[in-house]
Amino acid sequence: MKAAIYRSYGAPEVLEITDVELPTFKDDDRVLIRVHNASVNQYDNLFRKGYLPTRLQNGLTKPKTLILGIDVAGTVEAVGKNVQRFKVGDRVFGSCLGSHAEFVCPHQSGLCFMPKNASFKEAAAIPCAAQTALQALRDIAQVKQGQKVLVYGASGGVGHFAVQLASYLGAEVTAVCSTSNLQWVKELGAHEIIDYTKKDFAENGKKYDVILDAVGKRTFFSCLRSLTETGVYITEHAFYPMYHPLQLMVSSLRRHKKAKIHLARPNDKDLDFLCTLVEEGKLKPVIEKCYPLDQIKEAHRHIDRGRTKGKIVLDITSE
Ligand SMILES: NC(=O)c1ccc[n+]([C@@H]2O[C@H](COP(=O)([O-])OP(=O)(O)OC[C@H]3O[C@@H](n4cnc5c(N)ncnc54)[C@H](OP(=O)(O)O)[C@@H]3O)[C@@H](O)[C@H]2O)c1
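Predicted model, so just to flag it, every value in this text is computed and none were measured.

**Student:** What is the right way to look at unusual backbone geometry in this model?
**Tutor:** Residues apart from glycine generally show negative phi values, whereas peptide bonds are mostly found in trans. The backbone of Gln142 sits at a positive phi, close to 50°, despite the residue not being glycine. We classify Gln142 as partly exposed; its relative accessible area is 47%.

Have a look at this one:
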């Protein structure tokens, strides 16, 4: 099968399209999927670049697992003996490693039926980014009706889902993004929108119950005076603890105004929940661009620029 692989860490040029063996069933709980679409996440870019924490997982000097990709949407081709939920021909989406390839063989627990009203492209855009936003707002911040939630980096993959989900949870949402994104982000359900190129929200004197730094560009300290007494700052920056140990230490000593780091945990319950929201018209992925798998380097360059509007998706096999 065709796959995008990388044999060394570095710039997008390390990626190549090549033929590799079909994945095999390692256990009876797995599902073989023909991949129609997969999204490209910052996660892929961090692994490709070989940041130290990713090297500890995937090889210090060169990658052990060669295929990137963590989100998938496709059709079931075969199921293991213990798989009862899915059958051949089902349209599924979910989380699985190595999805930048024509076939993947994930564990059934990371999968869910596709929303009936979504295309494969749309479904592939959902899993990692939407689960991250959902878990941060619903589980970590425990957002309640009427609370004031500020989403920083509201136009990115995680951010644009966070605006919609905070609004769904009943919050009064303030979205922060740059000028060219103001209009479409407002239409996602933000009550107020702030252009960070013109003013800093931390200077506006307002207080928020939750500040979700969806793009990892702020610090707890820079948000402190914008938090209510019981407010919480959540960062999605995967390596926040390495950069800001002092801030976490200070947060742990405080009775109020806490800083939390969130690492998403993919699971089928959250996917089912997100699927229902999509079917009810309460959540919609925004896709800036779709690249054929052959243009994987260009897709990575796009993500590397850090200015994606919503999500980037790969076209891998046709239906
Ligand atoms: N913790 C977890 O489990 C988890 C899961 C997923 C992602 N992440 C992390 O979360 C972060 C965001 O991921 P993502 O997929 O949403 O990224 P992304 O889609 O690449 O984010 C791009 C967005 O960031 C905005 N942006 C760039 N610089 C900004 C700035 N200085 N201030 C405000 N917005 C800015 C851009 O908007 P403008 O063009 O308007 O500036 C763009 O819309 C990454 O660090 C990623 O590694 C963590």
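**Student:** Which parts of the structure should I look at to understand the sheet that holds strand β10 (residues 192-195)?
**Tutor:** Backbone hydrogen bonds are what pair the strands of a sheet, in a parallel or an antiparallel way. Across the sheet, 6 strands lie side by side as β10-β9-β8-β11-β12-β13; this open sheet has parallel pairing. The outermost strands of the open sheet, each flanked by one partner alone, are β10 and β13 (258-261). Pairs of neighbouring strands in the sheet enclose a mean axial angle of 15°, with direction left out of account.

**Student:** Which parts of the structure should I look at to understand the pairing of strand β9 (residues 172-177)?
**Tutor:** Burial of β9 is extensive: 5 of the 6 residues sit out of reach of the surface. Where strand β8 (residues 148-152) meets β9, 5 bridges bridge the pair, whose relative direction is parallel. Paired with Lys148 across the strands is Glu172, a residue of β9. One crossover worth recording links β8 to the parallel β9 by way of helix α5 (residues 157-168), and it is right-handed. Pairing of β9 with β10, which is carried by 4 bridges, proceeds in the parallel orientation. Residue pairing across strands places Thr174 opposite Glu192, the latter belonging to β10.

So, how was this worked out
- Residues numbered from 1 in each chain as written.
- Predicted model: local features only at pLDDT ≥ 70, side-chain atom pairs only at ≥ 80, totals over all residues.
- Heavy atoms only, no water.
- Buried < 20%, exposed > 50% of the residue type's maximum accessible area, 1.4 Å probe, protein only.
- Pairing = 2+ DSSP bridges.
- Helix = DSSP H or I, 4+ residues; strand = E, 2+ residues; numbered from the N terminus.
- Axes fitted to C-alpha atoms, helices over the stretch in contact; angles between N-to-C directions.
- Right-handed = clockwise from strand over helix to strand, strands pointing away.

Treat this as a map of the structure, not an account of what it does.
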